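# Fold and geometry: a report
So the chains spell out like this:
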Amino acid sequence: MQTIPVSWAAAGTRRMDRQGLLTPAPTTETSPADIAGRMLGAHAQVASAAELSIALRLDGATRTDVRDALTGGHQPAAGHGPAACEQGSAPLPRQATLVKTFGPRGTIHLLPAQDLPWWTGALSALPARPTAFSPEARMTPARTAEVVAAIGDALTGAELTVDELTEAIVARTGSWAADPVMPAFQTLWPRWRQVTHTAAQRGVLAFGRDRGRKVTYTNPGCTPASPTRSLHELVDRYLRAYGPATAEDFAAWLAVPKGWAAELFVSLAEKGRIEEVAFVSGRAWLAAGDTAFPDEPPRGLRLLPYFDAYVVACRPRELLFPGSAAARALAGGQAGNYPVLLIDGTVAGVWHQRRSGRRTVITVDPLRRLSAPHRRALDEQVERTAAILEATADLTLGTLTVGPHA
């Protein structure tokens, strides 16, 4: 069988189109949860960045639309039902279509509520990372199971702060769970917090509504789906969103060992679930049958926020960040630490926004001279970004001096 060749331009056009980066999706047909699903989650370590990532892919949406999808502030659009997870009396409203939880790479993401069963199934099946904790600080498998059960019980029908959850866990397990043994931010956290990610992966912990400046947790009431089927689902969706991709690309995106990812891809190829193509990175893969690509190269200008899924997941990096873009927009080789100016599918600058009341000052530092059409497009994108953030914009073109993740 002849191997299908796929160009970098064709891959870029398809990736952008499927995420609403070429033409934002209509809100009458597409919800924030739909977009988060197509992106494989929106990185939400910086909440405003996640809101911007999702809303810029939806025509006319604002950060309020994303927040409503997360809190259940409005009924979902026609055709978008409640979460697939059994939520019972948990405070996460039935009509909430986004969940804030720990996703790829163990980082905070917004994920579609209806996808949470297979996400938790897949994440719980990943190889365990080596522990950084001393032997006396570690949790045994038995104690881990005890704490996870306590978390699930304490958070059912409740939204608790870290301190409140600590008290609830101690009441259900013992004082050992609160031993201050975890080094963190020049202090020591209670022992139980090393299993926070485990509890999320087992479907009993997600973020609740903020209580002032305090984070809360709740139990989304989700039973993880079959690990094997969930891993297959994850690879399939990843390749549909970011393919062609190699097993090494997948491993980097998910922060798992390369060898483990390679074995997974070999098994899927043997089952006929993925197929090989010729790509600029060499041997790469697509979801089986998903081989249609557009003829046109990617067009358009976008302002992408911190850790936008497109810049984090798309590879090869040297083509996404060509020439001086690698030095300017990557931090030690890591993508996402700078908001980027994207022109025709590749990084062409960085930007920063500073909020002051109802105004946001957006400074754009392009790496090349902008044509008149690009300048008009930039003006439109600045106005759109400000509208998403529910502010009015001031645009400045100039050299940025702020560091990564400023």
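None of these values were measured; they are calculated from a predicted model. (Residues numbered from 1 in each chain as written. Predicted model: local features only at pLDDT ≥ 70, side-chain atom pairs only at ≥ 80, totals over all residues. Heavy atoms only, no water.)

### Some words on helix α4 (residues 63-71)
Within α4, burial applies to R63, V66 and A69. Buried residues of α4 fall within an arc of 125° about the axis and therefore sit on the same side. Where α4 is buried, its residues contact α2 (32-39), α3 (47-55), β5 (98-102), β6 (108-112), β16 (346-356) and α15 (372-388). Within two residues after α4, G72 carries a phi angle of roughly 80°, on the positive side. (Buried < 20%, exposed > 50% of the residue type's maximum accessible area, 1.4 Å probe, protein only. Helix = DSSP H or I, 4+ residues; strand = E, 2+ residues; numbered from the N terminus. Arc of directions from axis to C-beta. Contact = heavy atoms within 4.5 Å.)

### Some remarks on the nonpolar core
Core analysis: the biggest nonpolar cluster contains 123 residues, and I54, I151 and F250 have the highest contact counts within it. By residue number, the principal contributor to this core is helix α9 (residues 227-242), which donates seven residues. If we skip the residues at most four places from it in the chain, F250 touches L234, V235, Y238, W260, A261, L264 and F265. (Core = buried A, V, L, I, M, F, W, Y, C linked by side-chain atoms within 4.5 Å.)

### A word on the packing of aromatic side chains
Scanning all chains against the criterion turns up nine aromatic pairs. Considering the side-chain rings of Y238 and F250, the 5.2 Å spacing of their centres and the 70° angle between planes classify their relative orientation as edge-to-face. Of this pair, Y238 sits in helix α9 while F250 sits in helix α10 (residues 247-254), and the two are twelve residues apart along the sequence. What makes Y238 buried here is its relative accessible area of 0%. Judged by centre distance (6.0 Å) and plane angle (40°), the ring pair of F250 and W253 falls under tilted. Placement of the pair is F250 and W253 together in helix α10, with a separation of three residues, close to one helical turn. (Phe/Tyr/Trp six-rings, centres within 6.5 Å; stacked < 30°, edge-to-face > 60°.)

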